[in-house]
Amino acid sequence: MCGIVGYVGYRNAQDVLLGGLSRLEYRGYDSAGIAVKARSMGTSSTQITVSKKAGKLAVLAQELENSPLTGCIGIGHTRWATHGLPNDANAHPHATEDGRLVIIHNGIIENYLSLKEGLLARGHVFRSETDSEVLAHLIEETYRGNLELAVREALRQVRGAYGIVVTHADHNQIVAARTVSPLVMGIGEGEMFLGSDVPALLPYTRNMIFLHDGDMAVLSQDGYRITNLEGVEQTREVTLIDWDAEAAEKGGFDTFMLKEIYEQPTALTNTLMGRLHDETGEVVLDIALEPAGFERIHIVACGTAYYAALVGEYLIEQLARVPVEVDVASEYRYREPLVDDKTLVIVVSQSGETIDTLEALREAKKSGAKTLGVINAKGSSMTREVDDVLYIHAGPEIGVASTKAYTAMVSAMLLLALWLGRARGTLNAKMGAELLHGVRELPRLVEESLQPERVAHIKKVAEKYKDSRDYLFLGRGVNAPTALEGALKLKEISYIHAEGYASGEMKHGPIALIDSNLPVVVVATESRLLEKTVSAIQEVKARSGKVIALVTDGDSMASRHADDVISVPRAHEMVSPIVNVVALQLLAYFTATALERDVDKPRNLAKSVTVE
Ligand code: F6R
């Protein structure tokens, strides 16, 4: 939700800011803006110039091509609108009336209305409808020559979530602070960077500091200083990021989403790497969790991560025989779940910053639960608050629609289920060995699913049905969540209404939707319940529905009744959700591109939802 970049150094700040924002646009693309100033000499001050535009970053980039800003200190922002329309005036940065102090903000200032009333009464003039603009005026009021002190004093009056960066005409420094909204600091030589997320800074440095809640940082060309809101100096560890800069670029693909779909074999290899012990056949997880130290598991997540959690529920209950409950985080945190010190609460998140999941985690901790994070982003807020982390190692995911993080999350859940099953003695050696073999095969099977002829066929099917108004997705057992995820992918990037259902549920309601215009995607790969799935296909056909069957290579059961068939490589049933979903990701992708949608930036969405 909103991307932030800050720079102070010797380079052309405009280039650094635009480059950084282009790698953060997944966080919001309602408007973009930058503010740049030259270094001032001695006590003189230099003017700050602001350029901002409604719409995607490309609109601002065009504007800057005609009227570039010069200077080597700057801040930049890409917005996901919360307060006020996505127009030029509401775009960040926001400046004071005299333009000497400029801010960018990610988050929500909850008490902005009362603060704004006070500021208006004291004569401040507002140019936008945003909550963020109050920050500029508040800091202006507290400013008496020291920017750091002014920011600290102003923030004491503020309630809510913020990642904020401030620049001032009289100072060669930028001042940042965060509460809830993430901020990462990049350390260079003779230059310093700030960003909402690691990819923004990767081309310049891999030495990063993840600021903690309540941290303030002052950055200048000579270095940085971190304090808390009371002004007490804080020491923060420098993390060496092992992602390379290319990982955050499109690398020849048309979109990040397509690139990330194709990165899945590598991402899966990284998820599994070092965790499957060849000699003993054991799963080795670098976590300190005591596998027999709890009686129940709650898994909490949002969106795609929630569907990965649903697969996790199935796998853990099957293999480790522990009762598992799964909930969407926004419900979990308010429903007073029954949690105690015998409960393991697992949070699943790509970003590690989703506010609903983070708050659910905090609620669970208050009740004494043990906590584990299944997380992609290193150094993110959740990784610092859980007792243990199982990293999924998917690498940076920039496309707003999650793909490689989903398959990596499901693989991590599979590893966890195997590890728990072994440790708790519920998984027999034969089943364990079979499954381990299935897991080991995963990167190869996903690679095979991406063979050009398979992809070309899915593209044809997508184009055939692209003008449908609705879609239904059905799946069963461990693949019921595959249907939910397939429907989510399609609706979020193509804007076609899609519903996902457990196929046994179809006759309890959704069957009423079926007519000759409704494509029904049925996950009908090999499983012990395949015959029942075939019955569901026949029920759809009996009502003239159009069946797109997702089947295992060589299938002769489900394909017989389908209008269109998508074949996927044969996989062990328990690992099949990972192989199957790849075809559904491609179906959604090619439907969206056939409809000329912007798949990396679907309307109204943003990655990393840090507002409630
Ligand atoms: C959908 C999607 C979202 C996220 C959700 C949780 O494609 O990406 O539904 O899965 O916002 O995000 P994380 O995993 O970062 O907590």
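If you're wondering where the values come from, they're calculated on a predicted model, not measured in any experiment. (Residues numbered from 1 in each chain as written. Predicted model: local features only at pLDDT ≥ 70, side-chain atom pairs only at ≥ 80, totals over all residues. Heavy atoms only, no water.)

**Thoughts on the pattern of salt bridges**
- Here the structure, examined in full by the defined rule, presents 39 salt bridges.
- Two residues, K53 and D88, come together in a salt bridge whose shortest N-O distance is 3.7 Å. Here K53, found in strand β3 (residues 49–54), pairs with D88, found in the loop between β4 (73–79) and β5 (94–95); they are 35 residues apart in sequence, far enough to count as distant.
- With a closest N to O distance of 2.8 Å, R236 and D215 form a salt bridge. Of this pair, R236 sits in the loop between β13 (223–228) and β14 (239–240) while D215 sits in strand β12 (residues 215–220), placing them 21 residues apart in sequence.
- A relative accessible area of 1% means that D215 is categorised as buried.
- Ionic contacts of the salt-bridge type, sharing partners, join the residues R178, D213, E359, R362 and E385 into one network. (Salt bridge = Lys/Arg side-chain N within 4 Å of Asp/Glu carboxyl O. Helix = DSSP H or I, 4+ residues; strand = E, 2+ residues; numbered from the N terminus. Buried < 20%, exposed > 50% of the residue type's maximum accessible area, 1.4 Å probe, protein only.)

**Considering the side chain of T552**
- Topologically, T552 is positioned in strand β23 (residues 546–552).
- By relative accessible area, which is 5% here, T552 ends up buried.
- A distance of 2.8 Å separates the side chain of T552 from the backbone nitrogen of E526, its partner in a polar contact.
- With residues up to four places along the chain from it excluded, the contact list for T552 reads A524, T525, E526, V568 and R570. (Polar contact = N/O pair within 3.5 Å; in protein donor to acceptor, adjacent residues only side chain to side chain. Contact = heavy atoms within 4.5 Å.)

**What about the packing of helix α7 (residues 264–272) against helix α13 (residues 429–449)?**
- Put simply, α7 and α13 touch, their axes get as near as 8 Å, and they point 170 degrees apart. Overall, the two elements α7 and α13 adopt an arrangement that is roughly antiparallel. Contact with α7, carried on its side by Q264, P265, L268, T269 and L272, involves V439, L442, P443, V446 and E447 of α13 and no other residues of that element.
- Partitioning the contact of α7 with α13 into residue classes produces seven nonpolar, two polar and one charged. (Axes fitted to C-alpha atoms, helices over the stretch in contact; angles between N-to-C directions. Parallel < 35°, antiparallel > 145°, perpendicular 65-115°, else oblique. Nonpolar A, V, L, I, M, F, W, Y, C, P; charged D, E, K, R; others polar.)

**Focus on empty space enclosed by the protein**
- Under the criterion given, the structure shown has five cavities of 30 Å³ or more.
- Quantified by volume, the largest cavity comes out at close to 260 Å³.
- Around the largest cavity, the lining is made up of 28 residues, and of these D197, V198, S351, A377 and S380 lie nearest the centre.
- For the lining of the largest cavity, a count of residues per class yields 13 nonpolar, seven polar and eight charged.
- In this structure, the lining of the largest cavity is formed jointly by two domains, domain 1 (3–247) and domain 2 (250–440), each of which donates at least three residues.
- The calculated volume of the second largest cavity comes to roughly 90 Å³.
- Around the second largest cavity sit R476, G477, V478, N479, V523, A524, T525, S527, L529, L530, T533 and E573, which together line it.
- For the lining of the second largest cavity, the residue count by class is five nonpolar, five polar and two charged. (1 Å grid on protein atoms, 1.4 Å probe; cavity = no way out; pocket = protein on both sides within 12 Å on 5 of 7 lines; lining within 4 Å. Points joined across faces, edges and corners; volume = space filled by probe spheres on them. Domains from an automatic or database assignment.)

**Let's talk about the packing of aromatic side chains**
- Following the criterion strictly, the structure yields six aromatic pairs and no others.
- Taken together, a centroid distance of 5.3 Å and an interplanar angle of 85 degrees make the contact between Y589 and F590 edge-to-face. In terms of burial, Y589 and F590 fall into one category: buried.
- Cluster of aromatic residues (ring-pair linked, three or more members): Y7, F193 and Y204.
- A cation sits over an aromatic face here: K378 above Y391, 6.0 Å from the ring centre.
- The ring of Y495 has R603 sitting right over it, with the charged end atom 4.0 Å from the ring centre. (Phe/Tyr/Trp six-rings, centres within 6.5 Å; stacked < 30°, edge-to-face > 60°. Lys NZ or Arg CZ within 6 Å of the ring centre and 35° of its normal.)

**Some details on the pairing of β12**
- Most of β12 is tucked away: six of the six residues are buried.
- Sheet topology note: the strand β8 (residues 173–179)/β12 ladder contains five bridges and is antiparallel. Residue pairing across strands places Q173 opposite S220, the latter belonging to β12.
- In this sheet, β13 lies alongside β12 in antiparallel orientation, the contact comprising six bridges. By the bridge assignment, V218 is partnered in β13 with R225. (Pairing = 2+ DSSP bridges.)

**A few points about the sheet that holds strand β10 (residues 192–195)**
- Sheet architecture is open: eight strands sit in the order β3-β2-β4-β1-β10-β9-β11-β14, paired in antiparallel fashion. Looking at the sheet topology across the chains shown, the edges are occupied by β3 and β14.
- Here strand β1 (residues 3–8) runs beside β4; their pairing, made up of six bridges, is antiparallel. Across the sheet, the residue bridging to I4 is H77, located in β4.
- Taken strand by strand, helix α1 (residues 13–22) contacts β1, β2 (31–37), β4 and β10, and its axis lies near 155 degrees from that of β1.
- Across the sheet, helix α2 (residues 57–66) touches β2 and β3, and the angle it forms with β3 is around 140 degrees.

**Overview of unusual backbone geometry**
- Cis rather than trans, the peptide bond between H92 and P93 has omega equal to 0 degrees.
- Here the phi dihedral of E336 falls at roughly 50 degrees; this positive angle occurs in a residue that is not glycine.
- Mapping E336 onto the fold places it in the loop between α9 (329–332) and β17 (343–349).
- Even without being glycine, Y495 reaches a positive phi, approximately 65 degrees.
- Examined against the element boundaries, Y495 turns out to sit in the loop between α15 (480–494) and β21 (497–502).
- Classification of Y495 by relative accessible area gives partly exposed; the value is 24%.

**Some remarks on the side chain of Q350**
- Tracing the backbone shows Q350 in the loop between β17 and α10 (355–366).
- A relative accessible area of 15% means that Q350 is categorised as buried.
- A polar contact is formed between the side chain of Q350 and the side chain of N376, at a distance of 3.0 Å.
- Every residue in contact with Q350, bar those within four places of it in the chain, is listed here: I375, N376, A377, E397, A405, M409 and K607.

**Examining the site of the ligand**
- As a matter of local geometry, the ligand sits amid 14 residues, with S349, Q350, S351, T354 and E492 nearest to it.
- For the ligand, an oxygen atom lies 2.6 Å from a polar atom in the side chain of S349.
- Within the side chain of S351, an N or O atom sits 2.6 Å from an oxygen atom of the ligand.
- For the ligand, the accessible surface in isolation is 400 Å², of which the surrounding protein chains cover 88%.
- Assessed atom by atom at 2 Å from the grid points, the ligand resides in the largest pocket.
- For the shell around the ligand, the element with the highest residue contribution is helix α8 (residues 303–320), accounting for three residues.
- Among the residues forming the shell around the ligand, the class breakdown is five nonpolar, seven polar and two charged. (Near = heavy atom within 4 Å. Areas by Shrake-Rupley, 256 points an atom, 1.4 Å probe, with all protein chains shown as cover. Sits in = over half its atoms within 2 Å of the grid points.)

**Some details on the layout of surface pockets**
- By volume, the largest pocket amounts to about 510 Å³.
- Lining the largest pocket are 23 residues, and of these C302, G303, T304, A606 and V609 lie nearest its centre.
- Among the elements of the structure, α8, β17 and α15 are those that each provide at least two residues to the lining of the largest pocket.
- Taken domain by domain, the lining of the largest pocket gets at least three of its residues from each of domain 2 (250–440) and domain 3 (451–599).

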